[in-house]
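Structure at a glance
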Amino acid sequence: RPVEAIAGEMAMFWHERRARVFNFMDDNLLPVEAAEALRWLAELRLALDRLRVGRLAFSMQIRADVVSSEVAEDLADLGLVRAYVGIDAFSGGQLRTLGRAAPADAGPAALDRLGARGVFCVCNALVVGPTFRFESVRAEIESLERIVGAPMHLLPIDARAGTTYT
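A brief look at the structure comes next. This one's a predicted model, so the numbers in the text were calculated from it and none came from an experiment.

**Remarks on the overall build of the protein chain**
Counting its regular elements, the protein chain contains 6 helices and 5 strands. Reading the protein chain from its N terminus to its C terminus gives the helix and strand order α-β-α-β-α-β-α-α-β-α-β. Contacts in the protein chain between residues at least 24 apart in sequence constitute 73% of all its contacts with a sequence separation of at least 6. Working note: accessible area of the protein chain is about 9200 Å², and carbon and sulfur atoms make up 53% of it.

**Regarding the layout of surface pockets**
Considered as a void within the structure, the largest pocket measures approximately 260 Å³ in volume. Around the largest pocket, the lining comprises 13 residues; the ones closest to its centre are Arg1, Ile6, Glu9, Asn23 and Phe24. Going through the elements one at a time, helix 1 (3-17) and strand 1 (21-24) are the ones with two or more residues in the lining of the largest pocket. A per-class count over the lining of the largest pocket returns 8 nonpolar, 2 polar and 3 charged. A volume near 190 Å³ is recorded for the second largest pocket. What lines the second largest pocket is simply Asp27, Asn28, Gln61, Ile62, Arg63, Tyr84, Gly86, Asp88, Arg100 and Asn124. Listed by contribution, the elements that provide at least two residues to the lining of the second largest pocket are strand 2 (57-63) and strand 3 (80-88). Counted by class, the lining of the second largest pocket contains 2 nonpolar, 4 polar and 4 charged residues.

**Concerning the packing of helix 2 (residues 34-50) against helix 3 (residues 69-78)**
A pair of packed helices is captured by two measures, namely the crossing angle of their axes and the spacing between those axes. At a closest axis distance of 9 Å, the pairing of helix 2 and helix 3 adopts a crossing angle of 20°. With respect to helix 3, the element helix 2 is oriented roughly parallel. Like other packed secondary-structure pairs, helix 2 and helix 3 cross with a definite hand, here left-handed. Contact with helix 2, carried on its side by Ala34, Ala37, Leu38, Leu41, Leu44, Arg45 and Leu48, involves Glu70, Val71, Asp74, Leu75 and Leu78 of helix 3 and no other residues of that element. Counted by class, the contact of helix 2 with helix 3 contains 9 nonpolar, no polar and 3 charged residues.

**Side note on empty space enclosed by the protein**
Where empty space is left in the structure can be found by rolling a water-sized probe over the atoms. Enumeration over the complete set of coordinates arrives at 3 cavities of 30 Å³ or more. Volume-wise, the largest cavity comes out at about 100 Å³. Along its surface, the largest cavity is lined by 14 residues, and Ala64, Asp65, Gly86, Ile87 and Ala102 are the ones closest to its centre. For the lining of the largest cavity, the secondary structure elements donating two or more residues are strand 3 and helix 5 (106-115). The biggest single contributor to the lining of the largest cavity is strand 3, with 3 residues. For the lining of the largest cavity, the per-class residue count stands at 8 nonpolar, 2 polar and 4 charged.

**Quick word on the side chain of glutamine 61**
Relative to the helices and strands, glutamine 61 resides in strand 2. Within the local environment of glutamine 61, its side chain forms a polar contact with the backbone nitrogen of aspartate 26, the two atoms lying 3.0 Å apart. Not counting the four nearest positions on each side in its chain, glutamine 61 is found in contact with Phe24, Met25, Asp26, Asp27 and Tyr84.

**Regarding the pairing of strand 3**
Where strand 2 meets strand 3, 6 bridges bridge the pair, whose relative direction is parallel. Residue pairing across strands places glutamine 61 opposite tyrosine 84, the latter belonging to strand 3.

Rules and cut-offs
- Residues numbered from 1 in each chain as written.
- Predicted model: local features only at pLDDT ≥ 70, side-chain atom pairs only at ≥ 80, totals over all residues.
- Heavy atoms only, no water.
- Helix = DSSP H or I, 4+ residues; strand = E, 2+ residues; numbered from the N terminus.
- Contact = heavy atoms within 4.5 Å.
- Areas by Shrake-Rupley, 256 points an atom, 1.4 Å probe, with all protein chains shown as cover.
- 1 Å grid on protein atoms, 1.4 Å probe; cavity = no way out; pocket = protein on both sides within 12 Å on 5 of 7 lines; lining within 4 Å.
- Points joined across faces, edges and corners; volume = space filled by probe spheres on them.
- Nonpolar A, V, L, I, M, F, W, Y, C, P; charged D, E, K, R; others polar.
- Axes fitted to C-alpha atoms, helices over the stretch in contact; angles between N-to-C directions.
- Parallel < 35°, antiparallel > 145°, perpendicular 65-115°, else oblique.
- Left-handed = near helix turned anticlockwise from the far one by under 90°.
- Polar contact = N/O pair within 3.5 Å; in protein donor to acceptor, adjacent residues only side chain to side chain.
- Pairing = 2+ DSSP bridges.

If you want it as structure tokens, here you go:
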């Protein structure tokens, strides 16, 4: 959705319903490149200011690999108080299996960057799936010790009828 549409809807809830807390349940809300995410956040801030939306709090899903220090700062300044950080995997092998290009340290780094700015984080990890090798599962389990201060959802990937894994 265009930033203007999001800001417009937030403004409507702000002014008409006195909403001050928002929750975004879309892990593709922010662009996947940090520089694009910074532009998106600046555009949202300008649109909210123009629509006279004051201080607010929000929660969102976010990909770990988009959370640079600057993105974390801008999110916190805008009002992010809770983030569900999509880490997916902690080892390079598992990330490649999932088709992700993120560096293996993107997840812990995102949690640290957001946490340092007072954002409560929850994260996920896809530990076991139909295409995962035993060695990669072991590497994922060993990597879990790097996660401190963020509750984690351990998500299985199921092979479902009609998929290429059944």
